[in-house]
Structures are given as C-alpha cells and as structure tokens.
Amino acid sequence: MIRRLIFNDFKANKLITISTCAFMTITAMLLGLAIFLFAGLSASIDSLMKKAETPHFLQMHTGELREEELNVFTEGRHDVEEFQIARFLNLQNGQISIGGKSFETNMQDNGLCCQSECFDYLLDADNKVIQVSDGEVFVPVAYKKEYGIRVGDEMHIGRESLTVAGFLRDSQMNSMMASSKRFLVSESDYERLKALGSEEYLIEYRLREGNDVNRFATEYKDAGLPDNGPTITYPLIKTMNALSDGIMILIILFVSIIVLLISIICIRYIILTQLEKDRREIGMLKAVGISRKDIRFLYISKYLLLSIAGCVVGSILALIIAGPLGTGMKELYGDTDNKALVYIFMIIGAFLAEGIILLSVRRTLRTTDRESVITSLYGRDTYKREKNLWHPAAAIAAATVFMMLIPLGMKSTIASPDFVTYMGIGKSDIRVDVRQSDDIEGQTRRFIKRLESDDRVKAYSVMQTRSYKVILPDGRSYNLMLENGDHSAFPVSYNKGTYPKNDREIALSLLNAEEMGLGIGDKVKVMSGGAGEETEECTVCGIYSDITNGGKTAKGCMDFGDAAGPPMWSIIYISLKDENAVSEWVNEYQDDQSALGEGIKIIEISDYLKGTYGPTISKISYASVMTFILAGIIIFVVMLLLVRLIIWKERTESSLKKALGLSTADIRGDYLKKIFIYVASGGAIGVIAGVVLGQKLAGGLLGFMGAKGLKFVIDPLMTFVFAPALLLIITGISAVISLMEIRRIRASECLNSGLE
C-alpha cells in the first residue's frame, strides 16, 4: 500500500521528485568527493613516507662536516633508532637540460644523490626502492609533466650526459613547495660528476616511536653540531606534501557544505508546498484514525528512497570525478595500501550528507502535527507564513554567488604579486639567491658591487640567513633561522607590529611566535654560536606571515661579525627604475652568471611565485571553473523548481487576474519583475559576503600554510560583473521556461477554488 502511494506520488510530481533527488545526489557527490580525496591524499602520503622511511629529523649542512662529533652525539642516545649522512651534489641549473629543455630558469635547488643505505629511500612508480645502474638517472616526478620528460631522454650536465631511466618519488622533496629536488644516480656516476657541483650533506635521524622531534632538534643545536642549512622535521615534511592538493580539497569541502545548505532550504520548501497541497488528504487520514507518526512515516519513506538513490548515484559520480582530480596526487604519492578504507570513508561521507538532509526533512514534517482534523479539512493554510518562496530564492542566489567567489578569490589572492609579502618575502621586482657555493659571502659582495654600478637599479636589499640559538624568557632554548638585513626597503606584511629597525629588535614568523609563546614586547636572548658566545637581548617588534622554510623564520638587523660564522644563504631583493625592463635585465644577468659558473639564481618575483605555487594555483583554478559550472546548474534547477512551485501556489490568484482581463504576458511580466528583484538582491548579498566573509575564510584556509591575516585580492571583473551576470542570465532562462506554465491557467479555475 505504502509503496503504491509513494510510486503514485513520484509519478504525479515528476519535477519535484527529480529535483529533490538531484539535490541529494549533488550533495552526496561533493561531500563524498571531498572525503574521498582527503582520505586518499592522507593515506597515500602516509604510505609513501612509511615505505620511504622518511627521517624524523633532517639537518642540511654546507661546508666542513665533523662526522666524529655526530657519531659521539648519536652513540648512547635511546631516542635514536637510525642515523645516516646522505650526500647531495648541488648543480647549477644553467648546466642542466633534459630532452633539449634547459633548467636555467628553474627556481629549485637541483642536485644529484645516491640511493640511501638505511632509510630515506627514493621510490619508483610502484613505490619500490629504486636500484639505479651506471649511466642512468631517475628524475623527480614533479618535473615529468612540467618539462614533458620521457623515459629514454638524455639529461645533460655540462658536457656529461645520463639517460632518463624513470621517475622517482621523494617523500621529502615531492612538493614544489620544497625548495630542493634530488636526481638519483649510481655511486660511480656521482663520483664521476662530483667536480661539476658543490657538495651538501643531509644529516638524518629516525627516532624511536614516542620521542619528541622538537626536543631532539633543540638538543642537536645545543650540542654545537653542523647546522649550516635548514632544519626539517617529519611533521613539516608531511604538511608540505599535503598543502598543494589539500587547499583544493578544502575548497571542495566548503562548496559541498554550501550545497548541503542550499539542498536543505530547497527540500524544506518543497515539503511545505507538498503538505499544503495534500492538506485535505492529511486531514482525511487523521479523521479515519491514522496516527501522526504513521503519516510522517509515509512522507519520510519517500525521501528515504530518494536519499538512497542520491547516495548511490552521488558516490558513483564522486568516483568518476575523483579520477582526473586525483591523477596528480596518484603520480606524486602513489596508491594507498588500504584503498577499501578510503572507499568506506567516502560512502560514510555520502551517507552523512543524506542523513543531515533526512533530519531536516523529519523536522519539517513535524509541522503536520500542529493541525487538527477540522483545520486540515476546512481551515486556511497554516504553513503560509512559512512559505514565502521568494525569500529562499534570494537566499539561494546569495549562497550560490558566495560559493562561486571563494575559489575565485583564493586563486586571485595566491596569484597576486602582493601574495609574496605573506610568504615572508619583500615585494620587489627581482630575487637573487646565493646558495650553492662554499663562498656565499664572497659571491654576494661581488654581485652587490656590480649592482652598485648599474644605473638601472632603483633599490636593493641584502638578506643573510644564519641559524642561531635563542633563550626564551622561561629559560628554554630554541633554534631560530634568522634573516639579517635592512627590512625597511622591501617589507613583508606584518600581522602585528612592524619590521626590526635596530639590532635590539627581532620579528618572528607567526608559526615561530606561536611555538615559542611570544608576543609583541617580549624579550629573547640571541646567541652568536661562535667562540665566546656573544649574546644580544632583543625585543619582539613584529609578527608576520611566512610560508617559506616551513613557516618558521625570523628577521633582524644583528651583526655578530665572524663569530656568527658563514651564512646559510644570501638573498638580494632588487627593484628597477623601469618596471618594463625587468625581463630583459634578468635575462642579461642570467646569461652573465652562467658564463661565470657561479651558483647564483636570478629570477623575477612573478616567476618565483609561479614556480612555487603554480601547481596549487592550477588546482584552485580547476576547482573554480567546476564551482562556476556547478553553481550554474544549481541556480538553474532551483529557480526552475521554485518558480514552478510559486506559480502552483498562486494559481488561484493568477486565474482571478485572467478573469479580470489581465493577459498571460501581463502576469508573466509581474513574475519576472519579482524574480529579478529577489535574485538580484540575493546576488548583491552574495557578492558582499564573498568580499567580506571570503577574506576570513581564505585566511583560514591559507592559515594552514602559515599565511594568516592576508588581504583577500578581488578580481573586480569576475566578482562584480561576471558572477552576477551569470546568475541573472541563468535565472532568466529558467524563469522563462517555468513561466510557460501560466498559459495553461484558465480564467474559470478561480470559480472552483472552494474555501480557498
């Protein structure tokens, strides 16, 4: 009996049934997709890092290596499971070409290495440890698509050559956000090519389970061991691996939540309209003794069937869409060991979406309990005050525009030239890195001397980074990568305070300030690290966002002289008098540096941003396009449905208007005015919300990367013109289709409206 009633209802209300099922399907698809991608990404990264046996602590070091001191420090430590020193041969990018494509403009620190002996293995496409033969090279998988590299291509390093035998996954340096990339060669080839580069050491530790890597890092620094380079820990490696795809997944999750809210609003008003239509039938069921619970069960059974169908179809669609979206993740990290668990999480996500909708359905159906039998049979509509369908039309228009603007704003923000100031980098035209050298200070001085004689240069600023030990107010010691120089020339964006103006001030990155428990005005002691251990008490003057070097940096103006030792690296920021001549200037200096054979990288800031966040921007752009398409489909279906429901609800009034002499065109014109007034109002609210709330939401998403407090960059054309125009055009098309129903309304219908 119930099945027959439900089937008859489906048959009589095809549009409502299809629309309801569509909302449930899209909601289940998006939430299931977000969970599937997130679970797959997390599991794949875990699987890769487990198989590669990623180190828990990594200290990069350039210069003389005191191996005996490291052995003494390591021996007898109960927290160390394994220890090794891996070699990394830094190459000048101008020396490298693969398949005829030069790496001269590549911004990464590229170099050669051999397969590790104990852990930190480089893996192949099947996540197996690579065994490389003489004359072969395995290339980082991140470069496969960027340079169109194929197996069998020739890699040239100066006059030497190697054959590309495959691609490697590097659990440490897979992400483009990691500043280095390792090429795998055999031991004999490494020794043969050693004279072509400068050697760097990776001092690596695997700790026993349950030990604190931050405490180990502090004890390593306190021991005065080699530390002329960045320090990287296991959690930081995992975070950097997840960031690029993680932001795209967070955007999909956000969109799924908005669509879920839209679905709940639409289905609520569909139910209320249906209850109004079925009011007398409900009264008759109550009159013959059928309980309110049974009546609710009859309706909820219908939506339960639709939700099951939506969940199944949505899960299938999620799997189909996840294919192209997950291709890049699969290439970078490989498959997870437990795919079944990922599928289970996806299905749970889809069922969660349907469960939330069904709870809303159940709550809405409780409105049937408020009416007595007499009111149901003969009274006026008690739901009318809840059923102004123009209000949800405006709310849904606002939510749809808001949904479109968030990924669009994220893309505009990250692609903006100003975004570099949230990366801990001063806004300039050109960035020069001096890293791959045993004489960083000498090369820096020579380069500055040339800049001073170049009348095209408007301004420049030199930053040198060293590792220092600082003593916190509570007596704890902390390792700090401190960038010293004139920070007034090209300042970064500060969340609080300002840049250091003298040697008694220090600015901290947001993540460092949080971990150290410091704020503006707090004092720390900075120690030189040299003989005699000079100390400078500094006041925290500023806190800034930074997503370079794991987001843990500091800025100062200190000069300990030779006591501080050689810098880890130097960075020179440059602005030119003629901004249009930047590319020409960079090409000229790049050619000169290639001829000199010095390890100096010169790059436009725009190219630096593109090189670091190009893959992330590409993924967000894809998500933005898909969101626009989805928003268009949603607003089309919603307006098609709501306008039809409004016409049905006001059918008697429309019939009366025809009886009084108004034409179909007149009635249609009145509807069109209302539609565009409410939709335009909703669209305006959506734009305002996208601009105001979007900044907070984008800040929250980018806060995972250490970039907090950023200003949302708005694309005026897309935000204020294209998105509202798309909304109005699609609304107009759906309205015209829906308003065709008015032709079928007869003037005589108002005479048969009864009590209504």
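Cut-offs applied
Residues numbered from 1 in each chain as written. Predicted model: local features only at pLDDT ≥ 70, side-chain atom pairs only at ≥ 80, totals over all residues. Heavy atoms only, no water. Helix = DSSP H or I, 4+ residues; strand = E, 2+ residues; numbered from the N terminus. Buried < 20%, exposed > 50% of the residue type's maximum accessible area, 1.4 Å probe, protein only. Contact = heavy atoms within 4.5 Å. Areas by Shrake-Rupley, 256 points an atom, 1.4 Å probe, with all protein chains shown as cover. Axes fitted to C-alpha atoms, helices over the stretch in contact; angles between N-to-C directions. Parallel < 35°, antiparallel > 145°, perpendicular 65-115°, else oblique. Left-handed = near helix turned anticlockwise from the far one by under 90°. Nonpolar A, V, L, I, M, F, W, Y, C, P; charged D, E, K, R; others polar. Pairing = 2+ DSSP bridges. Core = buried A, V, L, I, M, F, W, Y, C linked by side-chain atoms within 4.5 Å. 1 Å grid on protein atoms, 1.4 Å probe; cavity = no way out; pocket = protein on both sides within 12 Å on 5 of 7 lines; lining within 4 Å. Points joined across faces, edges and corners; volume = space filled by probe spheres on them. Phe/Tyr/Trp six-rings, centres within 6.5 Å; stacked < 30°, edge-to-face > 60°. Arc of directions from axis to C-beta. pLDDT = per-residue confidence, 0-100. Salt bridge = Lys/Arg side-chain N within 4 Å of Asp/Glu carboxyl O. Disulfide = S-S within 2.5 Å. Patch = residues over 30% accessible without salt bridge, like charges linked within 9 Å, V, L, I, M, F, W, Y side chains within 5 Å. Polar contact = N/O pair within 3.5 Å; in protein donor to acceptor, adjacent residues only side chain to side chain.

1. A closer look at the overall build of the chain
Next, step 1: Each helix and strand in the chain was counted, giving 20 helices and 21 strands.
Next, step 2: Burial analysis of the chain (756 residues in total) assigns 55% to the buried set.
Next, step 3: Restricting to contacts in the chain with at least 6 residues of sequence separation, those with at least 24 account for 83%.
Next, step 4: With an accessible surface of roughly 32600 Å², the chain has 57% of that area assigned to carbon and sulfur atoms.

2. What about the packing of helix α2 (residues 14-52) against helix α17 (residues 605-649)?
Next, step 1: In contact at an axis separation of 11 Å, α2 and α17 are set at 150° when each is read in the N-to-C sense. As summarised for this structure, α2 and α17 are arranged roughly antiparallel, according to the angle between their axes. With respect to the hand of their crossing, α2 and α17 are arranged in left-handed fashion. Together, Leu-15, Ile-16, Ser-19, Phe-23, Ile-26 and Leu-30 of α2 and Leu-630, Ile-634, Val-637, Val-638, Leu-640, Leu-641, Arg-644 and Leu-645 of α17 make up the contact between the two elements.
Next, step 2: In the contact of α2 with α17, the residues fall into twelve nonpolar, one polar and one charged.

3. Some points on the pairing of strand β21 (residues 600-604)
Next, step 1: Burial analysis of β21 places five of its five residues in the buried class, which makes it a mostly covered element.
Next, step 2: As paired elements, strand β12 (residues 430-434) and β21 share five bridges and run antiparallel to each other. Residue pairing for β21: Arg-431 is matched across the bridge by Ile-603.

4. Side note on the nonpolar core
Next, step 1: Leu-37, Leu-112, Phe-183, Tyr-303 and Val-638 are the most contacted members of the largest nonpolar core, which has 155 residues in total.
Next, step 2: In terms of residue count, the dominant contributor to this core is helix α7 (residues 234-277) (23 residues).
Next, step 3: Contact partners of Leu-112, with chain neighbours within four places excluded, come to Arg-87, Phe-88, Leu-89, Leu-91, Met-155, Ile-157, Phe-183, Val-185, Tyr-190 and Leu-193.

5. Side note on the layout of surface pockets
Next, step 1: In this structure, the second largest pocket occupies an estimated 1000 Å³ of space.
Next, step 2: In terms of lining residues, the second largest pocket is bounded by 40 residues, among which Ala-142, Lys-145, Glu-146, Gly-614 and Pro-615 are the most central.
Next, step 3: Mapped by element, the contributors of at least two residues to the lining of the second largest pocket are α4 (142-146), α7, α9 (292-325), α10 (327-333), α16 (582-596), β21 and α17.

6. Description of the packing of aromatic side chains
Next, step 1: What the rule picks out here adds up to 23 aromatic pairs.
Next, step 2: Where Phe-36 meets Tyr-343, the ring centres are 5.6 Å apart and the plane angle is 35°; that geometry is what we call tilted. Residue Phe-36 is found in helix α2, and its partner Tyr-343 is found in helix α11 (residues 339-365); the two are separated by 307 residues along the sequence.
Next, step 3: Each ring, one from Phe-57 and one from Phe-216, has its centre 5.2 Å from the other, and the planes form 75°; the classification is edge-to-face.

7. Some remarks on the pairing of strand β7 (residues 154-157)
Every other side chain in a regular strand lies on the same face of the sheet, so the side chains alternate between the two faces.
Next, step 1: Burial of the side chains of β7 is restricted to one face: Met-155 and Ile-157 are buried, whereas none of Glu-154 and His-156 on the reverse face is.
Next, step 2: Here three bridges tie strand β3 (residues 96-98) to β7, and the two strands are oriented antiparallel to one another. Bridging across to β7, Ser-97 finds its partner in His-156.

8. A few points about the environment of Ile-265
Next, step 1: Structurally, Ile-265 is set in helix α7.
Next, step 2: The exposure class of Ile-265 is partly exposed, given its relative accessible area of 28%.
Next, step 3: Residue contacts for Ile-265: discarding those within four places in its chain leaves Pro-392 and Ile-396.

9. What to know about helix α18 (residues 651-659)
Next, step 1: Those residues of α18 that sit buried are Ser-654, Ser-655 and Lys-658. The arc that holds the buried residues of α18, viewed along the axis, is 100°, so those residues lie on one side.

10. Topic: unusual backbone geometry
Next, step 1: In this structure, Glu-53 takes a positive phi of about 55° despite not being glycine.
Next, step 2: Considering the arrangement of structural elements, one finds Glu-53 in the loop between α2 and β1 (57-62).
Next, step 3: Even without being glycine, Asn-127 reaches a positive phi, approximately 60°.
Next, step 4: The topology assignment puts Asn-127 in the loop between β5 (109-113) and β6 (136-140).
Next, step 5: When its relative accessible area of 7% is taken as the criterion, Asn-127 is described as buried.

11. Considerations on the confidence of the model for the chain
Next, step 1: Summing up the model confidence of the chain, the mean pLDDT is 83 and the portion of residues at 70 or higher is 88%.
Next, step 2: In the model of the chain, helix α12 (residues 373-378) stands out as the element of lowest mean pLDDT, 52, in contrast to β6, which has the highest, 95.

12. Focus on the pattern of salt bridges
Next, step 1: Applying the stated criterion across every chain, the model contains 25 salt bridges.
Next, step 2: Measuring nitrogen to oxygen at the nearest pair gives 3.5 Å for the salt bridge that ties Arg-87 to Glu-187. With a gap of 100 residues between them, Arg-87 in strand β2 (residues 80-90) and Glu-187 in helix α5 (residues 187-193) connect regions that are remote in the sequence.
Next, step 3: Judged by its relative accessible area of 43%, Glu-187 falls in the partly exposed class.
Next, step 4: Where Glu-483 meets Lys-555, a salt bridge forms, and the shortest distance between an N and an O atom there is 2.7 Å.

13. Concerning the state of the cysteines
Next, step 1: For the structure shown, the criterion picks out zero disulfides.
Next, step 2: Here Cys-113 stays unpaired: no disulfide links it, and the sulfur of Cys-114, its closest cysteine neighbor, is 6.8 Å away.

14. So, a nonpolar patch on the surface
Next, step 1: Where nonpolar side chains cluster on the molecular surface, the patch consists of Leu-304, Ile-308, Val-312, Val-313, Ile-316, Leu-317 and Ile-320 and spans about 580 Å² of accessible area.
Next, step 2: Mapped onto the fold, Ile-316 is located in helix α9.
Next, step 3: For Ile-316, a relative accessible area of 47% translates into the label partly exposed.

15. Topic: the packing of helix α13 (residues 390-415) against α17
Next, step 1: Running from N to C, α13 and α17 cross one another at 170°; their axes reach a closest spacing of 8 Å. Comparing their axes, α17 and α13 come out roughly antiparallel.
Next, step 2: Tallied by class, residues from the contact of α13 with α17 come to 24 nonpolar, five polar and one charged.

16. Side note on the side chain of Ser-461
Next, step 1: With respect to the helices and strands, the residue Ser-461 is situated in strand β13 (residues 457-471).
Next, step 2: Ser-461 gets classed as buried once you look at its relative accessible area, which sits at 4%.
Next, step 3: At a separation of 2.8 Å, a polar atom in the side chain of Ser-461 contacts the main-chain carbonyl oxygen of Asp-486.
Next, step 4: Once residues within four sequence positions are removed from consideration, Ser-461 is found in contact with Asp-486, Ala-489, Phe-490, Ile-571, Ile-572 and Tyr-573.

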